[in-house]
Amino acid sequence: QVQLAASGGGLVQAGGSLRLSCAASARTFSSYTMGWFRQAPGKEREFVAAINWSGVSTRYADSVKGRFSISRDNAKNMVYLQMNSLKPEDTAVYYCNAHQGSIWTMTGHSFNSWGQGTQVTVSS
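These numbers come from a predicted model, not from an experiment.

(A) Broad picture of the pairing of strand β4 (residues 33–39). The element β4 is extensively covered by neighbouring structure, given that six of its seven residues are classed as buried. Relative to strand β9 (residues 92–99), β4 runs antiparallel, the two sharing seven bridges. Within β9, the residue paired with Trp36 across the bridge is Cys96. In this sheet, strand β5 (residues 46–51) lies alongside β4 in antiparallel orientation, the contact comprising five bridges. For Trp36, the partnering residue across the bridge sits in β5 and is Ala49. Counting the residues between successive antiparallel strands, the hairpin from β4 to β5 contains six residues, one of them, Gly42, with a positive phi of roughly 75 degrees.

Below you can see the structure in the form of structure tokens.
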């Protein structure tokens, strides 16, 4: 399994921006599909974004499409989530994860474990 830890969260006003980072520990990091998920209090874990091994293909949840951008740097074993035009409904704990499937099949049920998440709070 890949060891993952998300960071970069914080408190931001509506309309602001944050960039989340995910550090991965795996020799074969570049072969993994990476994804971002979030979970708000009282809500189920929600898919946010995914990116394939090369960074060429991406997929986004409808709720964040056009506002968020996922990217990766395989040389640094890092995945990022740039979040712009943040809304209060984006408030959640954000997690990253990895698997060997495609960006189209990645869901919260694709994983047996989760690493450290990072809190994002958007105020109005």
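(B) Representation of the state of the cysteines within the structure. Counting across every chain of the model gives one disulfide. Bridging Cys22 to Cys96, the disulfide has an S-S length of 1.8 Å. Between Cys22 and Cys96 the disulfide shows an S-S torsion of about 65 degrees. By sign, it is right-handed. One end of the pair, Cys22, is in strand β3 (residues 18–25); the other, Cys96, is in strand β9, and 74 residues separate them in sequence.

Thresholds, definitions, all that
Residues numbered from 1 in each chain as written. Predicted model: local features only at pLDDT ≥ 70, side-chain atom pairs only at ≥ 80, totals over all residues. Heavy atoms only, no water. Buried < 20%, exposed > 50% of the residue type's maximum accessible area, 1.4 Å probe, protein only. Helix = DSSP H or I, 4+ residues; strand = E, 2+ residues; numbered from the N terminus. Pairing = 2+ DSSP bridges. Disulfide = S-S within 2.5 Å.

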